[in-house]
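Structural overview
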Amino acid sequence: MPGERLAVRDASEVGRFPGVAPPTRVELTIHKEGEKKEEEGGCRRWLRKAFPCCCQRQNSASLDVTDRVELVAPPTPPLLPEPPKSTPENGELKEMEEMKLSVCSVDLLSSKTGQNRAEHHTDMYHGDELIVRRGQSFQIEVEFNRPFDTDTDKLHLDMRTGPLPTVSKGTHATVLLVDSPEDKRWAAKIVEQSGNKVKLSVNSPASAVCGLYGLTVTCGATTGEATTTHSCSRNIVVLFNPWCEEDTVFLDDEEERKEYVLNDTGRIYYGTEKQIGARTWNFGQFHEGVLEACLFILEKSNIPPSGRGDPVNVVRVISAMINAQDDLGVLVGNWSGDYSDGVSPTAWSSSVEILRKYHSSDGFPVSYGQCWVFSGVTTTVLRCLGIPARSVTNFQSAHDTDVSLTTDIYLDENMDPIDYLNSDSVWNFHVWNDCWMARPDLPPGHGGWQAVDSTPQETSQGTFRCGPASISAIRSGQVFLKHDTPFVFAEVNSDKIYWQRNLDGTFSQIYSEKKAVGHYISTKASGSDERADITHLYKHQEGSEEERIAVETASRYGSKPNTYSSPVAEDVSVEVKIDDEGARMGADAQLSILVKNLSSHPRRTTLHSQVAVMYYTGVVKGTIKKEQISVELQPNEEKTIEWVLPYQQYQNQLVDQAALMLTLSGRVNETQQVLANQTTFRLRTPDITIKPLGEAVVGKEMAAKITFTNPLPRMLVGVVFRVEGLGLQKGHEVVVGDVGAHSTVTLTEHFIPTQPGPRKLVASLDCKQLTQVHGVADIVSQP
């Protein structure tokens, strides 16, 4: 691919572990005068017998010193007969060859009914290829020509994807053999050994490039002798992993994973808001040939293999490739009513035939599709690749053509429509997709469901595609956040603005219809065939102050920023303050909201507040509290409002490493100024206290007292401590069990320092109810 080159390593490094030089030993033997020299080898003796004239021993006394050197061409030596293979002297060579380690075969353990496919939730895919999900270990079995010796033998794997695999771009992974694999890197570990067979557990990082990998196994001796390489005849498919917490597509609800990743059928809604119809659609992401077609689409898109680890990139490319405009993608759109040279869009009920037809024709676009067909195929491809996805229908869906974020209707002086200006439209319904992922490229709180639209309507960066656009950003009107958020916002929440032409040719706004767009946004419910209304995810309640603020906020980033009246003044400010220590886990969370009136006139506003639980990745789990706060300010007055989140409201809502996000919005009555603030905070967990006991001296036993107090008014179940100190003691676990509410646990660790100098003893606590609890003590060991 452009910009990628194959890295060629020095031949001396092939098969070696990078950064680890094999130990080198040079042995020098000096024979003193009078000592018996080493006996001749068998080959030398055989040559002496066969050709005595060529193998005469030289006597040191017969050597002459001369100042003249004559170069004489040596006579052509007679052909040496090949020594018999059965001679004893060659038995040693044969034995050495047999002792040299080599790979006989590699079993990927890829059966549909095997452990790998079951553990990776890929057992429903057709065929017996090894299909795994990144960030999760899988097993393979390697058979050697002799038993593998961990002391004298070495091996490593190479995983390569794309036409020009390179280590720097993540498309060539060297998988080293280690004792304990780390979650964030490629590594392998021996888990079973029987005779000449070794079973390896291979771990991949949660950020690994997705796609088709080739595997080679390289083995040899630790002494640095020549290595042998075996190329596996079958490939490995690596997919995104919604079951892995470290993967950006992680979805923590098992029922939702079953629905949005594993369900191969669904329902797509159509019609009008008053007459909603539904049709069953076979996504068929596990059907024969579909995975191959999806990988083919990625290849045809020309996305560099190095970019296939980021779901934002992949989704954006899929959005472009499902339609045939400008890149000869999967489906040709047709709204003409004439489908005589293809298949009518209404005739399709499955993605399988479409994808297989596109693949078998080597990428010739399939005719024809409309929005629900584009959406159904997009759902199939994303679920097949491991990205949670669903088809979504918006009734009364606006099509904004000029990025005004309004649906504009132009009338002449007689109130008749001006057809050539009325390019914006409102569709009875439009179907697109939601896909689930974290958005580390956006501010916190904008992960989760993202809108992506494969129906060719408008170009995005020169290509017919749309999204992924954060639904959270759409809801709040933050249309400046990528990708294509303004277009999707207009589809669901734009106002219909009527403009009349004046006698001088200018236009005046004569009417605005605020509830004309974005009704009954629908998708199939998780776990049933019922329709789920998800309008509340895309917009605040129609007509509410929060919804109006979102509309006006969004419009200011459009091509007609003055559609709505600008505030008379902006003299009120709002900010959130957190004390030095912050809110404490197990207690009520308290924040201070500071509102200032900088004008010489009174000001009144109503602040709408809501607090949501958020994963550390920025994905919002859900809102746990909403309220309205009325504020009246005298001229130049400053008020502090104490905001409280009771422990009872968040105790059962928190997730691992969770944060909370407080969102404030409001409008100043007198000036129409919009107020907005978003603050993320976490609940502070207690520290573990570590107190050294006695003097730290290398080789002399000492102790440390470790103390922890449960901050929660509830029992901690299954508490485990992990203690480690480099140069002090090896890491180990201490199983404590259950710890009652507000109870204190005390451990005394006894250990013997092994290294002098400044050292750190570290302890951490792990249990389901409480995470991110740790402590450290500085210890200086004396020699």
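Notes on the structure in this doc start here. In this text the structure is predicted, and so the values were computed from the model without any measurement. (Residues numbered from 1 in each chain as written. Predicted model: local features only at pLDDT ≥ 70, side-chain atom pairs only at ≥ 80, totals over all residues. Heavy atoms only, no water.)

1. As for the overall build of the protein
- Counting secondary structure elements, the protein contains 13 helices and 39 strands.
- Burial statistics for the protein: of 783 residues in total, 48% are counted as buried.
- Taking as baseline every contact in the protein between residues at least 6 positions apart, the subset at least 24 positions apart corresponds to 66%.
- Carbon and sulfur atoms make up 50% of the accessible area of the protein, which amounts to about 39,100 Å² in all. (Helix = DSSP H or I, 4+ residues; strand = E, 2+ residues; numbered from the N terminus. Buried < 20%, exposed > 50% of the residue type's maximum accessible area, 1.4 Å probe, protein only. Contact = heavy atoms within 4.5 Å. Areas by Shrake-Rupley, 256 points an atom, 1.4 Å probe, with all protein chains shown as cover.)

2. Some words on the sheet that holds strand β33 (residues 689-693)
- Judged by pairing direction, the sheet is antiparallel, and its three strands sit side by side in the order β33-β34-β37 without closing on themselves. Each of the sheet's edge strands pairs with one partner strand only, and the pair in question is β33 and β37 (744-751). Averaged over all neighbouring strand pairs, the angle between strand axes comes to 20 degrees, with direction disregarded.
- When strand β34 (residues 702-709) meets β37, the two strands line up antiparallel, connected through eight bridges. Of the residues in β37, the one forming a bridge with Phe708 is Val745. (Pairing = 2+ DSSP bridges. Axes fitted to C-alpha atoms, helices over the stretch in contact; angles between N-to-C directions.)

3. A word on a negative patch on the surface
- On the surface, a cluster of negative charge is made up of Glu245, Glu246, Asp252 and Asp253.
- Among the structural elements, Glu246 can be located in the loop between β10 (236-239) and α4 (254-262). (Patch = residues over 30% accessible without salt bridge, like charges linked within 9 Å, V, L, I, M, F, W, Y side chains within 5 Å. Salt bridge = Lys/Arg side-chain N within 4 Å of Asp/Glu carboxyl O. Lys, Arg positive; Asp, Glu negative; His and termini not counted. Charge placed at Lys NZ, Arg CZ, Asp CG, Glu CD.)

4. Remarks on helix α5 (residues 290-300)
- The element α5 is largely enclosed, with a buried count of eight among its eleven residues.
- Of all the residues in α5, the buried ones are Val290, Leu291, Ala293, Cys294, Leu295, Phe296, Ile297 and Leu298.
- Structurally, α5 contributes buried residues whose contacts are with β2 (130-133), β8 (211-221), β10, α6 (311-321), α7 (352-360) and α8 (371-385).
- Phi turns positive, to about 65 degrees, at Asn302, one or two residues after α5.

5. Observations regarding the pattern of salt bridges
- Under the defined criterion, the tally for this structure stands at 26 salt bridges.
- Between Glu552 and Arg667 there is a salt bridge; the shortest N-O distance is 3.0 Å. Placement of the pair is Glu552 in helix α12 (residues 545-555) and Arg667 in strand β31 (residues 659-667), with a sequence separation of 115 residues. Exposure class is identical for Glu552 and Arg667. Each is buried.

6. Some words on the pairing of β8
- When you tally the buried positions in β8, you get nine out of eleven residues, the bulk of the element.
- Sheet topology places β8 next to β10; three bridges connect them, and they run antiparallel. Bridge assignment links Gly211 to a residue of β10, and that residue is Val238.
- Where β8 meets strand β9 (residues 228-231), four bridges bridge the pair, whose relative direction is antiparallel. What sits directly across from Thr216, in β9, is Ser231.

7. Considerations on the sheet that holds strand β6 (residues 187-194)
- Taken together, the four strands give an open sheet; going across it, the order is β1-β3-β7-β6, and neighbouring strands pair in antiparallel fashion. Bordering the open sheet on either side are β1 (103-107) and β6, each of which pairs with just one other strand. With direction set aside, neighbouring strand axes in the sheet form an average angle of 25 degrees.
- Sheet topology note: the β6/strand β7 (residues 197-203) ladder contains seven bridges and is antiparallel.

8. Side note on the nonpolar core
- Residues Ile318, Val381 and Leu385 are the most contacted members of the largest nonpolar core, which totals 56 residues.
- Residue contributions to this core peak at nine residues, all from α8.
- Composition of this core by domain shows at least three residues from each of domain 1 (97-239) and domain 2 (254-556).
- The residues touching Ile318, leaving out its near neighbours within four places in the chain, are Ile297, Leu298, Thr378, Val381, Leu382, Leu385 and Ser454.
- Counting residues in each nonpolar core, the second largest holds 54 residues, with Val576, Val611, Leu664 and Ala777 among its members. (Core = buried A, V, L, I, M, F, W, Y, C linked by side-chain atoms within 4.5 Å. Domains from an automatic or database assignment.)

9. Re the environment of Phe250
- Along the chain, Phe250 turns up in the loop between β10 and α4.
- When its relative accessible area of 18% is taken as the criterion, Phe250 is described as buried.
- When the C-alpha positions of Phe250 and Gly448 are compared, they lie 9.4 Å apart, and in sequence the two are 198 residues distant.
- Discounting residues that sit within four places of it in the chain, Phe250 has contacts with Asn241, Pro242, Trp243, Cys244, Glu245, Arg257 and Trp436.

10. As for the packing of aromatic side chains
- Under the definition given, this model contains 18 aromatic pairs.
- With 6.2 Å between their ring centres and 50 degrees between their planes, Tyr339 and Tyr368 make a pair best called tilted. Of this pair, Tyr339 sits in the loop between β13 (331-333) and α7 while Tyr368 sits in strand β14 (residues 366-369), placing them 29 residues apart in sequence. The two residues Tyr339 and Tyr368 agree in class, both being buried.
- Between the NZ or CZ atom of Arg390 and the centre of the ring of Trp449, over which it lies, the distance is 3.8 Å. (Phe/Tyr/Trp six-rings, centres within 6.5 Å; stacked < 30°, edge-to-face > 60°. Lys NZ or Arg CZ within 6 Å of the ring centre and 35° of its normal.)

11. As for unusual backbone geometry
- Here the amide bond leading from Ser367 into Tyr368 is cis, since omega sits at 0 degrees, within 30 degrees of zero.
- The amide bond that connects Lys482 to the next residue, His483, takes the cis arrangement and shows omega of 0 degrees.
- Among the structural elements, His483 can be located in the loop between α9 (471-476) and α10 (485-493).
- In the Ramachandran plot, Asp326 falls in the positive-phi region, its phi being about 60 degrees despite a non-glycine side chain.
- With respect to the helices and strands, the residue Asp326 is situated in the loop between α6 and β13.
- Here Met415, not a glycine, exhibits a phi torsion of approximately 70 degrees, which is positive.
- Relative to the elements of secondary structure, Met415 occurs in the loop between β16 (407-411) and β17 (425-437).

12. Topic: the side chain of Lys199
- The residue Lys199 is located in strand β7 in this model.
- One buried charge, Lys199, has no salt-bridge partner; the nearest side chain with opposite charge is Glu192, at 4.0 Å.
- Apart from residues lying up to four places away in sequence, Lys199 is in contact with Leu109, Gln139, Ile140, Glu141, Lys189, Ile190, Val191 and Glu192.

13. Overview of the environment of Ala278
- Within the fold, Ala278 resides in strand β12 (residues 275-282).
- Setting aside residues up to four positions removed in sequence, Ala278 forms contacts with Arg267, Ile268, Tyr269 and Tyr270.

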